[in-house]
Amino acid sequence: MAWRRPHKNGMNDTGTIATQDVNPRDDVEWRISDTPVPYLDALAFMEQRAADIRAGTAPETVWLLEHPPLYTAGTSADPVELLDAHRFPVYETGRGGRYTYHGPGQRVAYVMLDLRKRGQDVRKYVCDLEEWVIRTLMGFNVIGERRDGRVGIWVKRGAPSNPIAREDKIAAIGVRIRRWVTFHGISINVEPDLEHFSGIVPCGIGEHGVTSLWDLGVTATMPDVDNQLRESFRDVFGR
């Protein structure tokens, strides 16, 4: 059965309207913000929630949201890959990786899990995030794939024998872990303005492009994606 958003909305810690739900089947709090969340507000929330999870005073949390248009610089970001530094705000962040874009039409999922309860295996955690995205995309008949040496999830465009066949990135992954509690997470391009990615070299990979569900002809709504994320999360991370 598809998961439905709770009917009751409330003001969250960042000052934006969000739905909240703790499902006893997975013991994880799900939050959905209905308006774009400023990036620094999201960082502040993750810091506090991670501390509370470590202290045992808050549940593990998945926060689904959108940001206003912005670029983020991971710990491996190379300044030459920021092609237009004045187009959108640029934020340095403690997650791994290089430059990424976030903006309206992109579903960001910030994942705050306690790996002390989940095997304390960082490599497995990253693999599980990838699998979560792949299974979510499968719900829309989109085949997402991993690629050695390329972070994120990729889709093939065109037949292999076609000389203009290519691979485009549809989802990004960036993580930070402090004292075995996770920060940051994934982003899936649902219906963003793909031209906004032109201000950076996304994740340092210039020889491939970016795509979205709508670019692939899948007219899924954000609630559709949220429902599929919820179902796929339980399949991958369920205890």
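Residues numbered from 1 in each chain as written. Predicted model: local features only at pLDDT ≥ 70, side-chain atom pairs only at ≥ 80, totals over all residues. Heavy atoms only, no water.

A. Layout of the overall build of the chain. Counting secondary structure elements, the chain contains three helices and 13 strands. A separation of at least 24 residues holds for 63% of the contacts in the chain among residues at least 6 apart in sequence. Carbon and sulfur atoms make up 51% of the accessible area of the chain, which amounts to about 11,200 Å² in all. (Helix = DSSP H or I, 4+ residues; strand = E, 2+ residues; numbered from the N terminus. Contact = heavy atoms within 4.5 Å. Areas by Shrake-Rupley, 256 points an atom, 1.4 Å probe, with all protein chains shown as cover.)

B. Looking closely at the pattern of salt bridges. Summed over all chains, the structure comprises 19 salt bridges. When the shortest N-O distance is used, the salt bridge between R118 and E60 registers 2.9 Å. Here E60 lies in strand 4 (residues 60-65) and R118 lies in the loop between strand 8 (106-112) and helix 2 (122-138), a separation of 58 residues in the sequence. Owing to a relative accessible area of 18%, R118 belongs among the buried residues under this scheme. By relative accessible area, E60 is classed as buried at 4%. Residues D114 and R116 are paired through a salt bridge, measuring 2.8 Å at the closest nitrogen-oxygen approach. Among the residues examined, D114 registers a relative accessible area of 2% and is labelled buried. For R116, a relative accessible area of 41% gives the class partly exposed. Salt bridges sharing common partners tie together E130, E131, R135 and R146. (Salt bridge = Lys/Arg side-chain N within 4 Å of Asp/Glu carboxyl O. Buried < 20%, exposed > 50% of the residue type's maximum accessible area, 1.4 Å probe, protein only.)

C. Structural detail: the nonpolar core. Counting residues in each nonpolar core, the largest one holds 35 residues, and the members touching the most others are L129, W132, I186 and L213. Of all the secondary-structure elements, those providing two or more residues to this core are strand 3 (28-33), strand 4, strand 8, helix 2, strand 10 (150-157), strand 11 (166-178), strand 12 (181-189) and helix 3 (222-237). The contact partners of L213, leaving out residues within four places of it in the chain, are L137, F140, V142, I170, N189, V190, V218, A220 and V225. Ranked by size, the runner-up nonpolar core spans 16 residues in total, among them M46, L70, Y110 and F183. (Core = buried A, V, L, I, M, F, W, Y, C linked by side-chain atoms within 4.5 Å.)

D. View of the sheet that holds strand 6 (residues 90-92). Taken together, the three strands give an open sheet; going across it, the order is 6-5-7, and neighbouring strands pair in mixed fashion. The strands lining the two open edges of the sheet, one partner per strand, are strand 6 and strand 7 (99-102). With direction set aside, neighbouring strand axes in the sheet form an average angle of 25 degrees. As paired strands, strand 5 (residues 70-73) and strand 6 are joined by three bridges and run parallel to one another. Pairing of Y71 across the sheet is with V90, part of strand 6. (Pairing = 2+ DSSP bridges. Axes fitted to C-alpha atoms, helices over the stretch in contact; angles between N-to-C directions.)

E. Structural view of helix 2. When the terminal C-alpha atoms of helix 2 are compared, their 24 Å separation across 17 residues agrees well with the 24 Å that a helix rising 1.5 Å per residue should span. Among the residues of helix 2, Y125, D128, L129, E130, W132, V133, I134, T136 and L137 are the ones counted as buried. Of the residues flanking the start of helix 2, the one acting as N-cap is D121, its side-chain oxygen 3.2 Å from the backbone nitrogen of R123. (Expected span 1.5 Å × (residues − 1). Polar contact = N/O pair within 3.5 Å; in protein donor to acceptor, adjacent residues only side chain to side chain.)

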